[in-house]
Amino acid sequence: MSLDLDSILPAMITAARIPLNEAWTTVGPFAEIQLANIATRIESLGEEVALGEIEPSDALILLDIEKQASISLLAALEGIGKVTAETAINNALDAVADIVNRAVGFVLL
Amino acid sequence: MLPPALAPLRAFRVGMLLALMLFALSGLSGCHVRLIMAYDPVLDQSFTALQQDTEQLFGQLEANPGSPATSFENHKDFYIKAHATLRTMRTRARFEPQSAEVLTQIDALDRSLAGLQQLHINASPNGPSAAVIHAAEGPIESQFASIFQLQLALKNRMKTPVSANATAPALTN
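Residues numbered from 1 in each chain as written. Chains lettered and ligands numbered in written order. Predicted model: local features only at pLDDT ≥ 70, side-chain atom pairs only at ≥ 80, totals over all residues.

Our focus in this paragraph is the overall build of chain B. On a plain count of helices and strands, chain B comes out with five helices and zero strands. Sequence-ordered secondary structure for chain B, helices as α and strands as β, is α-α-α-α-α. Counting only residues that meet the buried cut, chain B has 28% of its 173 residues in that class. Taking as baseline every contact in chain B between residues at least 6 positions apart, the subset at least 24 positions apart corresponds to 75%. (Helix = DSSP H or I, 4+ residues; strand = E, 2+ residues; numbered from the N terminus. Buried ≥ 20, exposed ≤ 12 C-beta atoms within 10 Å, placed from the backbone. Contact = placed C-beta atoms within 7 Å.)

Dropping the structure here:
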């Protein structure tokens, strides 16, 4: 019994694509909404300082809080991207585990 | 493409690549790749509890904005407890491998709450105005949303099913 690598590769690619497609559907709209919210808040902050509703010193702190929200968002996207990549690789390995293990005669995957 | 004379070099390079891949796989539990920390329910629950406390604070500030009742002195305990909670969470996450993203979120939240504390102090002897509360509340709530998005992804990892179409073809003899 031998492994046909040319046949296994398409199955791995197919398995890996599933979480990647799902991640785009999940993360894309979330990122767009969050970034739009942050842009709107920065704009309103400038208007409130101009109207005297917020002190300039407080505006600096509020802007820093906005920055921290952006940092947290980017960290979430990066982390979700890693989970997605991890799932894609593991799906690919799982998809061919039985066939590879049988071919090599021991539990490799 | 290398010339035929360099075929042994090519074989060596392919062999090295395979050896590196096997070495990488050998260190992984069950031959599964792990790129980010495992889901930690204690951290998730701590984030949830902290969000509840923070929402409660905003609710109290919004009830009487700019009044002595919502002064920093009357809410100092929230900041002491929140900072201690985040430091404890940071210590826990720091000892988890591949926890950089979660640590970044903890640090960002700690800095935001420190900013909120400074806004609260600046408004003394009264509490912060409605405009300041509103401007701080939105991004802090966004931070919690980002945190829970990542926590949910960690919690749900490996639940993505492998499609029936992904089944490998039969072995050739």
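Picking up after the structure, the text goes on.
Let's shift gears to the nonpolar core. With 41 residues, the main nonpolar core has Ile80 of chain A together with Val132, Ala135, Ala136 and Leu150 of chain B as its most contacted residues. At the level of elements, α1 (5–50) and α2 (56–104) of chain A together with α2 (41–63), α3 (72–94), α4 (100–122) and α5 (130–155) of chain B are the ones that each hand at least two residues to this core. In this view, Val132 of chain B contacts Ile54 and Asp58 of chain A together with Leu119 of chain B; residues no more than four positions away in its chain are not counted. Counting 11 residues, the second largest nonpolar core, distinct from the first, contains Ala88, Ala92, Leu93 and Ala95 of chain A. (Core = buried A, V, L, I, M, F, W, Y, C linked by C-beta atoms within 7 Å.)

Turning to the interface of chain B and chain A, a few remarks are in order. Tallying the contact residues gives 45 residues for chain B and 52 residues for chain A. Elements supplying a minimum of two residues to the side of chain B that touches chain A: α4 and α5 of chain B. Broken down by element, the side of chain B that touches chain A gets its largest block of residues, 15 residues, from α5 of chain B.

For the rest of this paragraph, the subject is unusual backbone geometry. Residues and elements named next belong to chain B. The omega angle of the peptide bond from Ser124 to Pro125 is 10°, so this bond is cis rather than trans. Structurally, Pro125 can be placed in the loop between α4 and α5. Even without being glycine, Gln98 reaches a positive phi, approximately 60°. Positionally, Gln98 belongs in the loop between α3 and α4.

Before going further, it helps to examine the confidence of the model for chain B. Residues and elements named next belong to chain B. In the predicted model, chain B carries a mean pLDDT of 83, and the fraction of residues at 70 or more is 73%. Note on residues 14–20: pLDDT under 50 across the span, and zero contacts to partners over four residues away in sequence or across chains. This model gives residues 160–173 a pLDDT under 50, and the stretch forms 36 contacts once residues within four places in sequence are excluded. Both confidence scores are given for the complex: pTM 0.76, ipTM 0.76. (pLDDT = per-residue confidence, 0-100.)

Turning to the packing of α3 of chain B against α4 of chain B, a few remarks are in order. Residue and element names in this part refer to chain B. Running from N to C, α3 and α4 point in directions that differ by 165°, and their axes come no closer than 10 Å. Taken together, the axis directions place α3 and α4 in an arrangement best described as roughly antiparallel. Read as a crossing pair, α3 and α4 show a hand that is left-handed. Every residue of α4 that contacts α3 at Phe72, His75, Tyr79, Ala82, His83, Leu86, Met89, Arg90, Ala93 and Arg94 is listed here: Val102, Leu103, Ile106, Leu109, Asp110, Leu113, Gln117, His120 and Ile121. (Axes fitted to C-alpha atoms, helices over the stretch in contact; angles between N-to-C directions. Parallel < 35°, antiparallel > 145°, perpendicular 65-115°, else oblique. Left-handed = near helix turned anticlockwise from the far one by under 90°.)

So, about the environment of Lys82 of chain A. Looking at the secondary structure, you find Lys82 of chain A in helix α2. In this structure, the C-alpha to C-alpha distance between Lys82 of chain A and Ile18 of chain A, residues 64 residues apart in sequence, is 15 Å. Each residue touching Lys82 of chain A, except ones within four places of it in the same chain, is listed here: Leu35 and Ile36 of chain B.

Right, let's get into the environment of Gly138 of chain B. Inspection of the secondary structure assignment puts Gly138 of chain B in helix α5. A residue is classified by how many C-beta atoms lie within 10 Å of it, and Gly138 of chain B, with 18 of them, is partly exposed. Aside from chain neighbours lying at most four places away, what touches Gly138 of chain B is Asn37 and Arg41 of chain A.

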